[in-house]
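# Structural characterization, general
Now for the letters of each chain:
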Amino acid sequence: MRDKVIKIDFRTKLAMTVVLSYILLLGNLQQKFLPIAIFASALPYFFLMMEKEYKTVVKGFILILIALFIQVYYMGRIGGLLNSLFLFISMIVLKMLPGLMMGKYALTSTNMSEITISMKKMKFPDEMIIPITVMARFFQTVKEDYSQIKSAMYLHGLTIRKLIFHPIKFVEYRIIPLLMILTKTADDISISAMTRGMQVNKKRTYLYDSKFCIFDYICFSIIIILISFYIGGKYA
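Residues numbered from 1 in each chain as written. Predicted model: local features only at pLDDT ≥ 70, side-chain atom pairs only at ≥ 80, totals over all residues. Heavy atoms only, no water.

### Quick look at the overall build of the protein
In terms of helices and strands, the protein carries ten helices and zero strands. Along the chain direction, N to C, the helices and strands of the protein fall in the order α-α-α-α-α-α-α-α-α-α. Here the protein, with 236 residues, has 35% of them falling under the buried criterion. The contacts of the protein with a sequence gap of at least 6 include a subset with a gap of at least 24, amounting to 74%. (Helix = DSSP H or I, 4+ residues; strand = E, 2+ residues; numbered from the N terminus. Buried < 20%, exposed > 50% of the residue type's maximum accessible area, 1.4 Å probe, protein only. Contact = heavy atoms within 4.5 Å.)

### Observations regarding the side chain of Glu-114
Along the chain, the position of Glu-114 falls in helix 6 (residues 112–121). On the accessibility criterion, Glu-114 (8% relative accessible area) is buried. Within the structure, the side chain of Glu-114 is placed 2.4 Å from the side chain of Lys-7, a separation counted as a polar contact. (Polar contact = N/O pair within 3.5 Å; in protein donor to acceptor, adjacent residues only side chain to side chain.)

### Observations regarding the packing of aromatic side chains
Under the defined criterion, the tally for this structure stands at seven aromatic pairs. Consider the rings of Tyr-45 and Phe-61, whose centres lie 5.8 Å apart with planes at 50°: the pair is tilted. Of this pair, Tyr-45 sits in helix 3 (residues 34–50) while Phe-61 sits in helix 4 (residues 54–73), placing them 16 residues apart in sequence. Ring centres of Phe-212 and Phe-220 lie 5.6 Å apart, and the angle between their planes is 80°; this geometry places the pair in the edge-to-face category. Look at Phe-212 and you get partly exposed, because its relative accessible area is 34%. These aromatic residues form a ring-pair network of at least three members: Tyr-45, Phe-46 and Phe-61. The side chain of Lys-13 reaches across the aromatic face of Tyr-105, ending 5.2 Å from its centre. (Phe/Tyr/Trp six-rings, centres within 6.5 Å; stacked < 30°, edge-to-face > 60°. Lys NZ or Arg CZ within 6 Å of the ring centre and 35° of its normal.)

### Remarks on the confidence of the model for the protein
Fine structural detail should not be taken from predicted coordinates in areas where pLDDT scores are low. Confidence along the protein averages 78 in pLDDT terms, with 83% of residues attaining 70 or more. Across the protein, the secondary-structure element scoring lowest on mean pLDDT is helix 8 (residues 160–163), at 69, and the one scoring highest is helix 1 (residues 10–26), at 89. (pLDDT = per-residue confidence, 0-100.)

### A closer look at the pattern of salt bridges
Within this structure, the stated rule accounts for two salt bridges. Between Asp-9 and Arg-11 there is a salt bridge whose closest N-O contact spans 2.9 Å. The two residues Asp-9 and Arg-11 agree in class, both being buried. (Salt bridge = Lys/Arg side-chain N within 4 Å of Asp/Glu carboxyl O.)

### Digging into unusual backbone geometry
Located in the positive-phi region is Lys-52, a residue other than glycine, with phi close to 60°. Positionally, Lys-52 belongs in the loop between helix 3 and helix 4.

### Regarding the nonpolar core
Side chains of a nonpolar character, in soluble globular proteins, are inclined to be buried together. Core analysis: the biggest nonpolar cluster contains 29 residues, and Met-16, Leu-20, Ile-23, Tyr-45, Phe-47 and Ile-64 have the highest contact counts within it. Listing elements by their share of this core, those giving two or more residues are helix 1, helix 3, helix 4, helix 5 (80–108) and helix 10 (214–235). At seven residues, helix 3 tops the list of elements feeding residues into this core. When residues no more than four places from it in sequence are discounted, the contact partners of Ile-23 are Leu-29, Leu-226 and Tyr-230. Counting residues in hydrophobic clusters, the runner-up holds six residues, among them Phe-10, Met-112, Ile-115 and Met-119. (Core = buried A, V, L, I, M, F, W, Y, C linked by side-chain atoms within 4.5 Å.)

As structure tokens, this is what we get:
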């Protein structure tokens, strides 16, 4: 993993993911503190920008602008099915999507060694850490393998557009190779976990350390501010 100018601990990312998801889904910041709600909805995209996820950031900001335009100019002025549709779009973009994007940033910007040592410091039991680590490595490997299968099929001209109307060929050229790779991947990851010394109640060393820095304290300050506005909007 490349060195980063701004390095945030995984525990901080996890806390921000939980807080953002909770206050945006269950809070009423959009009704009481709209600028704060906009800031909270856009916050994950600023973090994704640091990971150079520019396409995701641009799409996210466009969706936020569309949702705000709908909420300000159309919500309450129209009725019926169209109003329900606009309300659903606004809730997805402004309330649900930011938490998912923050979770995406937390996972994509952190390697497994950092996640493991962070869970250790959060006093997670080994019975949870080891399955989570193995599953995360498994799904990441599956994603990479499937990407390679798609690339190989693309070189042979077998694109989704050509296979979508031929489900049998799609299963033959995409699903069957993936299932064959999955069987070998599961065995390889189990062996890898054993060779890395991942055993219950056994100490092991890590290449990375988990500690807070100035950027973590800034993020925790933002969390406290958001919680304060959430409490103010709910009980004031």
